[in-house]
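# What the coordinates show
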Amino acid sequence: MPALPLEEAGKYVAGAYVVFLALIVIYVAIIGAKIARIERQVSELLELTAEDGSVDRAPAGERASVG
Amino acid sequence: MGAVFSKGLRPVATAAAVTTLAGFALVFFYAPLDADQGFVQKIFYVHVPMAIVALGGFVAGGIMAIRHLRTGDSSWDMRSYVAIHLSIILGTGVLITGAIWAKASWGHWWVWDEPVLVSFLIVFLLYCVYYPLRFSIEDPERQARYSSVFAIAAGAFVPINFTAVRLAEAVTHPRVLSQTGGSLPGEMRFTFLVCLLAMVLLFVTLWKLELTSKRASMQLKRLRTRLELRAETAG
């Protein structure tokens, strides 16, 4: 098959690179959302335990490393 | 939380971003146009590194599974799971970008009599079985053990399958890497190697990122259970 003209080939090349970038962006967004949810839940738990006085507040460094 | 897995995440992520940008710049501003395929051949620089890294990830998942069975350390099972999970995502990308390239070059989205395409699809479908197998087992220890056995068997199948395909005669799909060094000119080869390095670094970054998230999630669950138990005993 002869090589496609640049305008037509450009659509296919752009399509392939968009698929690649979309996969990476969606993946990072999902993992990022998961980590944000975990951070929020940890904060909620820490607030609850601080109110009860049952568990000492975690050190700041430990909380930061969640993300 | 997750400090073991997130260790070194930032430098690897930075290296991955820089190498990916450099790779893209080389693809569009440095690598020459292919004499036969023209501009469409640029898909090669994303499609082939993705395929190599996906297959490498499957094999790495098998090696991690061996370590899990040998040591009994469940963190190796988690590492293996994440490597396979990421490889399946990259495999999806390989199939889609491959179909786009095939349509542009050959006029068809898929060619069933080409061993490279069909063998990759077989490997991909084989690994799709990993999810139902893993998540149909409730007991965590059994789940990890059975998944590791699957990862080892399937991981061994990948190089066997690759060798068998190399021995088969190519119909339409080009051979990129060969014992004689392939037929890539210098600029194309350099660009390809940078793109391959970028893909490896991207894989390691995403692998570490997901492991950090999984580890944090597990520790959160443990903390919750402990607090519930404490509340029950206090009540």
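The structure reproduced in this document is the subject of the present report.

Rules of the game
- Residues numbered from 1 in each chain as written.
- Chains lettered and ligands numbered in written order.
- Predicted model: local features only at pLDDT ≥ 70, side-chain atom pairs only at ≥ 80, totals over all residues.
- Helix = DSSP H or I, 4+ residues; strand = E, 2+ residues; numbered from the N terminus.
- Buried ≥ 20, exposed ≤ 12 C-beta atoms within 10 Å, placed from the backbone.
- Contact = placed C-beta atoms within 7 Å.
- Axes fitted to C-alpha atoms, helices over the stretch in contact; angles between N-to-C directions.
- Parallel < 35°, antiparallel > 145°, perpendicular 65-115°, else oblique.
- Left-handed = near helix turned anticlockwise from the far one by under 90°.
- Core = buried A, V, L, I, M, F, W, Y, C linked by C-beta atoms within 7 Å.
- Expected span 1.5 Å × (residues − 1).
- Nonpolar A, V, L, I, M, F, W, Y, C, P; charged D, E, K, R; others polar.

## Section: the overall build of chain B
Of regular secondary structure, chain B possesses eight helices and zero strands. Overall, chain B shows an N-to-C arrangement of helices and strands of α-α-α-α-α-α-α-α. With the principal axes as the frame, chain B shows a C-alpha extent of 75 × 35 × 30 Å. Out of the 235 residues in chain B, the part that is buried amounts to 40%. A separation threshold of at least 6 residues defines the contact pool for chain B, and within that pool the share at least 24 residues apart is 80%.

## Some thoughts on the packing of helix H3 (residues 44-71) of chain B against helix H4 (residues 74-106) of chain B
Residue and element names in this part refer to chain B. Close contact between H3 and H4 brings their axes to 8 Å; oriented N to C, the two are set at 160°. In this view, H3 runs roughly antiparallel relative to H4, as classed from their interaxial angle. The handedness of the crossing between H3 and H4 comes out as left-handed.

## Describing the nonpolar core
Counting residues in hydrophobic clusters, the biggest one holds 63 residues, and the most contacted among them are Ala16(A), Ile43(B) and Met50(B). Looking at this core, the elements that each hand over two or more residues are helix H1 (6-52) of chain A together with helix H2 (9-29), H3, H4, helix H5 (115-128), helix H7 (140-167) and helix H8 (186-234) of chain B. For Ile43(B), the contacting residues outside a window of four places in its chain are Tyr12(A), Val13(A), Ala16(A), Thr97(B), Ile100(B) and Trp101(B).

## Structural notes on H7(B)
All names here are of chain B. With 28 residues, H7 extends 41 Å between its outermost C-alpha atoms, agreeing within 8% with the 40 Å of an ideal straight helix rising 1.5 Å per residue. Turning to H7, its buried residues are Ala144, Ser147, Ser148, Phe150, Ala151, Ala154, Gly155 and Val158. Taken together, the buried residues of H7 touch H3, H4, H5 and helix H6 (130-135).

## Some words on the interface of chain B and chain A
Each partner contributes to the interface: chain B provides 38 residues, whereas chain A provides 28 residues. Sorting the residues of the side of chain B that touches chain A by element identifies helix H1 (3-6), H3, H4 and H8 of chain B as the ones contributing at least two each. For the side of chain B that touches chain A, the element with the highest residue contribution is H8(B), accounting for twelve residues. Across the side of chain B that touches chain A, the residue classes tally to 20 nonpolar, twelve polar and six charged.

## Here's the deal with the environment of Val94(B)
All names here are of chain B. By the secondary structure assignment, Val94 is in helix H4. Residue class for Val94 comes out buried when judged on the 26 C-beta atoms lying within 10 Å of it. Taking the C-alpha atoms as reference, Val94 lies 6.1 Å from Met50; in sequence the two are 44 residues apart. If sequence neighbours within four positions are ignored, Val94 has contacts with His47, Met50, Ala51, Ala54 and Phe120.

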